[in-house]
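Each chain, written out:
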Protein chains: 2
Amino acid sequence: MTQQAERTRRIPLSRDRVLAAAVVLADQVGIEALSMRRLAQELGVVPMALYKHVANKEELLDCMVDALVSEIDPPVRDAGWKDTVRLRVLSARGALLRHPWARQVLESRTNKTPAVLGYMDSFIGMFLAGGFSVDLTHHVMHALGSRMWGFTQELFDDSAGGDAAGLVTLPPEAQAAMFREMAERYPNILKVATASAHQDSVVGQGCDDQFEFEFALDLLLDGFERLHRQHWSSTPAQTSPAQTSPAQTSPAQTSTPATP
Amino acid sequence: MTQQAERTRRIPLSRDRVLAAAVVLADQVGIEALSMRRLAQELGVVPMALYKHVANKEELLDCMVDALVSEIDPPVRDAGWKDTVRLRVLSARGALLRHPWARQVLESRTNKTPAVLGYMDSFIGMFLAGGFSVDLTHHVMHALGSRMWGFTQELFDDSAGGDAAGLVTLPPEAQAAMFREMAERYPNILKVATASAHQDSVVGQGCDDQFEFEFALDLLLDGFERLHRQHWSSTPAQTSPAQTSPAQTSPAQTSTPATP
DNA sequence: ATTGACAAGTGTACGCCGTACACCTAACGT
DNA sequence: ACGTTAGGTGTACGGCGTACACTTGTCAAT
């Protein structure tokens, strides 16, 4: 009896083991299926046992984010700001692609853990070290937004593939009908969707996410570079990125109602 | 009795009424507090009654997104693509700011409703009408990402205000201690946070979101414009936005593992 | 060797959630 | 007058996070 007990509960659980199991489980079954009960079961333990090691589910999620951050490579040394930032973002993206749950969790978190703050601080430091003014750095961080973490909303390309995912299971004539329907109702979507697919299937299976991500990233980095060169490290009243837009002088109020 | 019944249940509920109530309730109590039960209660009805008008909660959320999309102004006529896109995005942003739940719901949705597809189609149409090649339009849509909806992850500026939200409730000496702590651990965050606050409080109360949003938007639009001018409407093998980055020639594989 | 404190795991229970399913009931076309 | 049916009801199930009281295994101090 005691021997069996000794055999079954060899390792006494610990915070790290809980955390690691949570990451693995989320990787495997998705974040929406990660429940305290399921996690406990995976660890061969009763649900409430977890609460001896994490305060609650929120804290668990925060810790999972920390684990993710720890996977991001530190900034490379001896390179210009642009390459440094670029590589760091792509490293973050790598971590994110390894952990599909991370995007959603990152989006939902409001409290920043020390690890997250540390990553941001280091990120900001890359621009400052590159000679960016504090103000420009501020704007630039906003412009990057979630791209800092290696992702952006992919609201578009799921639908660029259209109902492709669902389509394949349908009989051919229904596919054709749906295709005609789409061509009629969403001609523009169809144009870019078919153009981005270089094979001749009705609707291509999406596009190269990595290419698209880097396209946007480089577009931003090039923009940053121009602004940086433009007023090197001086700090005028307010940076104005756009020369062409008429409303740019007073950007705070436009078509939206007052936002005090 | 019948008279009372007639008085209490005057309007027989209908899909539209459910939907409208859901939007109002989400506006008021937040999306996380919007449950079928709560919504039913608000309508003076038993929870299961709702299921006679919406299939399930998913569909309800989809419909709420549709309602949001319907609030976005149509594209302005007789303007260049740049202004057209700019105004449309800012209109979407207006709708989003009026409905704080929308961002999260939009992020979580995977199925695109016809209204959403219609919005995207119209959005794509603005670029095509502006003479953008189909390929460039595709990339450009990706670069915009969720900015098309008028939002981006605000992962940064919550923390730029630092623990400001929590700070105010603390005694002054604790504030000072925390400030020193932050200054030591996150010097860079502190620099941009204090710089962006133009008052002399320890940590400014964030920055002008609207300005930051438009900063990034215009940065992108200017970038699009340059690419557009660069190879007007021709479609070379693949558009390459960055001239400087060494890895640009083959962007699909970098530091991340293979993504087939 | 005994004890007693304490950390770790257990069991039960509560209130929330979405929703399946059987039921009632009032209005309406025939 | 009557069957159909759309719309509202009641009950119930399985899942969730977690509060709280409990056992149990471990080890330091007596």
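All of the points below concern the structure found in this document. Note that the structure is predicted; figures quoted are calculated from it, not measured.

Let us now look at the packing of aromatic side chains. Considering all chains together, one arrives at 16 aromatic pairs over all chains under this definition. Between Trp81 of chain B and Phe127 of chain B, the aromatic rings sit 5.9 Å apart at their centres with planes inclined by 40°, giving tilted as the arrangement. Of the two residues, Trp81 of chain B is situated in helix H5 (residues 81-98) and Phe127 of chain B in helix H7 (residues 114-129); the sequence distance between them amounts to 46 residues. Here the two residues Trp81 of chain B and Phe127 of chain B agree in accessibility, since each one is buried. Site record: aromatic cluster; members linked through ring pairs are Trp81, Tyr119, Phe123, Phe127, Phe132, Trp149 and Phe224 of chain A.

Residue and element names in this part refer to chain B. Scanning the entire structure with this criterion turns up 21 salt bridges over all chains. A salt bridge links Glu42 to Arg38, with the shortest nitrogen-to-oxygen separation between them at 3.6 Å. Linking Glu42 with Arg38, this pair stays in helix H3 (residues 36-42), spanning four residues, or about one helical turn.

Turning our eyes to something else, we now look at unusual backbone geometry. The backbone of Ser14 of chain B shows a phi angle near 55°, a positive value even though the residue is not glycine. Despite not being glycine, Asp78 of chain B has its phi angle at roughly 55°, a positive value.

Glancing now at the nonpolar core. Core analysis: the largest hydrophobic core is formed by 136 residues, its most contacted members being Met64, Trp149 and Phe224 of chain A together with Met64, Trp149 and Phe224 of chain B. When near neighbours in sequence (up to four residues on either side) are disregarded, Phe224 of chain B contacts Leu219 of chain A together with Trp81, Phe127, Phe132, Val140, Ala143 and Leu144 of chain B.

What counts, and at which threshold
- Residues numbered from 1 in each chain as written.
- Chains lettered and ligands numbered in written order.
- Predicted model: local features only at pLDDT ≥ 70, side-chain atom pairs only at ≥ 80, totals over all residues.
- Heavy atoms only, no water.
- Phe/Tyr/Trp six-rings, centres within 6.5 Å; stacked < 30°, edge-to-face > 60°.
- Helix = DSSP H or I, 4+ residues; strand = E, 2+ residues; numbered from the N terminus.
- Buried < 20%, exposed > 50% of the residue type's maximum accessible area, 1.4 Å probe, protein only.
- Salt bridge = Lys/Arg side-chain N within 4 Å of Asp/Glu carboxyl O.
- Core = buried A, V, L, I, M, F, W, Y, C linked by side-chain atoms within 4.5 Å.
- Contact = heavy atoms within 4.5 Å.

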